[in-house]
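Secondary and tertiary structure notes
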Amino acid sequence: MPPGRGGRAFVVFFPPPPPGGAPPPPPASAHPASTRGAAPSTYERSIPPLTDSRGRALTLRGWNVEDKANRGEAALSAITERHFRDLRAHGFNFARLLVFWDDLEPRRGQYSERYLRQIERILGWAHRHRIHVLIDAHQDVFGPAFGHRGIPEWATRTDGLPFTPNPDDWFSEYFEPAVQRAFTHLYEDPDLQRAQAAMWQVLAERFRHHPAVIGYDLINEPMGELREGEDLATAARRIEAQHLTPMYNRLARAVRAKDRSTWLFVEPTPIVGEGVPTGLGRIHDGRTVYAPHFYDTAMEAGADYDPDAGWIEAYEAAVTAYPARYRMPVVVGEWGPLNNSLPNMGRFYREAVASLNRYSSGWAGYVWCYGGGYCAVDERGRFRTNKEHTATPYAPAVAGTVRSDTYDEGSRSYRLAYRAAARPGLTELSLPPSARGWRVSVTGRGAHVIGRAPYGGRVAVLAWPGSEVVVTVREAGPHG
């Protein structure tokens, strides 16, 4: 999101789930407060995990990494190796890297080799520190034609419709006639369709073998044009069905011509944050991830978390129907409030993390930077208030079928139960830094822990194929 994100002032009318769609899951309150639960609900069983080339179930936890201030020759220069070193030091394994089409192709058909080399440099840092990277084709309010970043000016067509900037409520600019018409042209004009596909082919061909790259996020927070008399929820579902679904299938075909295996991430409109089920249809690619964002209008406008409003429960119900229906993994690409130190924000972070972990294969908070605002850490690299709740023990890779995966905030204890795969493999655990230290124990036929990380780091578990394994991680008491 842009600096100063906030003030989403719109009203949403909630439509019923689509005919034939998956039923909504039970509310989040039906689950233990800090766990996926030992008895998964229907949607949890229906949503498959993200997997690696060895078939291990992956969990991605991390943050967005961005440089929106610099462009041209200075593009991406604010991102340094420190970002990835610090992510790893805090136990994270994932970064969603924002890249901009306007920097990659400033003039039509002329791709910036300098920009590609800078992306490559950043990916090298990520690989050095064992961070998976999602390359995100980012746009905010379409692009530079409207004072933001994303889609180049040469690809922006407005038919002369008006645009009035609103710096105090940047999200409202999505509803300016010129911006909405620009999206329609991007979706419908054959030459712009080809240009967008060609841009993705340049990225896919360049980075298809890079060991840090886990996926391509085809477009950030896409929007579209509302019709007269149409409420926002209805418009979002129509745009997703009629524009985004065919666009994603076009781009999937284009990417697969260059890269057959890297995961593709597809987003609904940001209206899903209001608890509106998506209208996206089937994406005809077997390695596609559903990648919604997780923002609440009231908190984006500066309000504190209201536990009684039921927003997390409504979001979870809405966001799980689509991936359960189409059997797609889920990774939430952005989340996290601006005013993280308000009285109820500690509870928000605990409940949000618990919800995300119930149904997703991971998430990226917004944003890993050093300072105030949305930054995860301060100038010295210390977590800002309540953001430490994002750093918990977890299993980045499980060589088997997960039975349950639970974390209890109160006791600072983590428990993973899984059935080891028929093919032997290492299950990996990530432990955040702890001055008290961590104790790891394991049960199961032939199961044993490899490595030691008493104060944070990585350990692995190896077990006999087919054995039922339980791994328990506990933080030591105040006296060790």
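The preceding data block contains the structure.
This one's a predicted model, so the numbers in the text were calculated from it and none came from an experiment. (Residues numbered from 1 in each chain as written. Predicted model: local features only at pLDDT ≥ 70, side-chain atom pairs only at ≥ 80, totals over all residues. Heavy atoms only, no water.)

Residues F84, W200, W335 and F348 are the most contacted members of the largest nonpolar core, which totals 101 residues. The biggest single contributor to this core is helix α7 (residues 232–256), with eleven residues. If near-sequence neighbours (up to four positions away) are discounted, W335 is found in contact with F294, Y295, F348, Y349, A352, V353, L356, W363, A364, G365, Y366 and T390. Counting 19 residues, the second-largest nonpolar core is a separate cluster that includes Y407, A420, V471 and V473. (Core = buried A, V, L, I, M, F, W, Y, C linked by side-chain atoms within 4.5 Å. Buried < 20%, exposed > 50% of the residue type's maximum accessible area, 1.4 Å probe, protein only. Helix = DSSP H or I, 4+ residues; strand = E, 2+ residues; numbered from the N terminus. Contact = heavy atoms within 4.5 Å.)

This next bit is on the packing of helix α6 (residues 190–207) against α7. The N-to-C vectors of α6 and α7 enclose an angle of 40°; their axes lie 9 Å apart at closest approach. With respect to α7, the element α6 is oriented oblique. The way α6 lies across α7 gives a crossing that is right-handed. Of α7, the residues touching α6 (which contributes Q193, Q196, A197, W200, Q201 and A204) are M247, R250, L251, A254 and V255. A breakdown of the residues in the contact of α6 with α7 according to their chemical character gives seven nonpolar, three polar and one charged. (Axes fitted to C-alpha atoms, helices over the stretch in contact; angles between N-to-C directions. Parallel < 35°, antiparallel > 145°, perpendicular 65-115°, else oblique. Left-handed = near helix turned anticlockwise from the far one by under 90°. Nonpolar A, V, L, I, M, F, W, Y, C, P; charged D, E, K, R; others polar.)

Before going further, it helps to examine the packing of helix α5 (residues 177–188) against α6. The contact between α5 and α6 brings their axes to 5 Å, and the two run at 80°. Taken together, the axis directions place α5 and α6 in an arrangement best described as roughly perpendicular. On α6, the residues touching H185, L186, Y187 and E188 of α5 are P190, L192, Q193 and Q196.

Attention now moves to the state of the cysteines. For the structure on display, the rule yields one disulfide. What pairs with C369 in a disulfide is C375, and their sulfur atoms sit 1.9 Å apart. Taking the sign of the torsion about the S-S bond as the criterion, the disulfide between C369 and C375, at about -110°, is left-handed. With a relative accessible area of 8%, C375 lands in the buried category. (Disulfide = S-S within 2.5 Å.)

Secondary-structure assignment places D52 in the loop between β1 (50–51) and β2 (57–58). Within the structure, the side chain of D52 is placed 2.9 Å from the backbone nitrogen of R54, a separation counted as a polar contact. (Polar contact = N/O pair within 3.5 Å; in protein donor to acceptor, adjacent residues only side chain to side chain.)

Attention now goes to the sheet that holds strand β6 (residues 213–217). A sheet is described by the order of its strands in space; here seven strands give the open sequence β8-β7-β6-β5-β4-β3-β11, paired in parallel fashion. The two strands at the open ends of the sheet, each matched to only one other strand, are β8 (288–290) and β11 (362–365). Each strand of the sheet is rotated relative to its neighbour by a mean of 25°, with strand direction disregarded. Of the pairings in the sheet, the one linking β6 to strand β7 (residues 263–266) comprises three bridges and is parallel in character. Bridging across to β7, D217 finds its partner in F265. (Pairing = 2+ DSSP bridges.)

Take unusual backbone geometry next. Along the chain, Y366 connects to V367 via a cis peptide bond; the corresponding omega equals 10°. Inspection of the secondary structure puts V367 in the loop between β11 and β12 (394–398). Positive phi, close to 55°, is recorded for R327, a residue that is not glycine. Here R327 is to be found in the loop between α9 (311–326) and β10 (334–335). The backbone of R412 sits at a positive phi, close to 50°, despite the residue not being glycine. Among the structural elements, R412 can be located in the loop between β13 (400–408) and β14 (413–420). The class for R412 is partly exposed, based on a relative accessible area of 22%.

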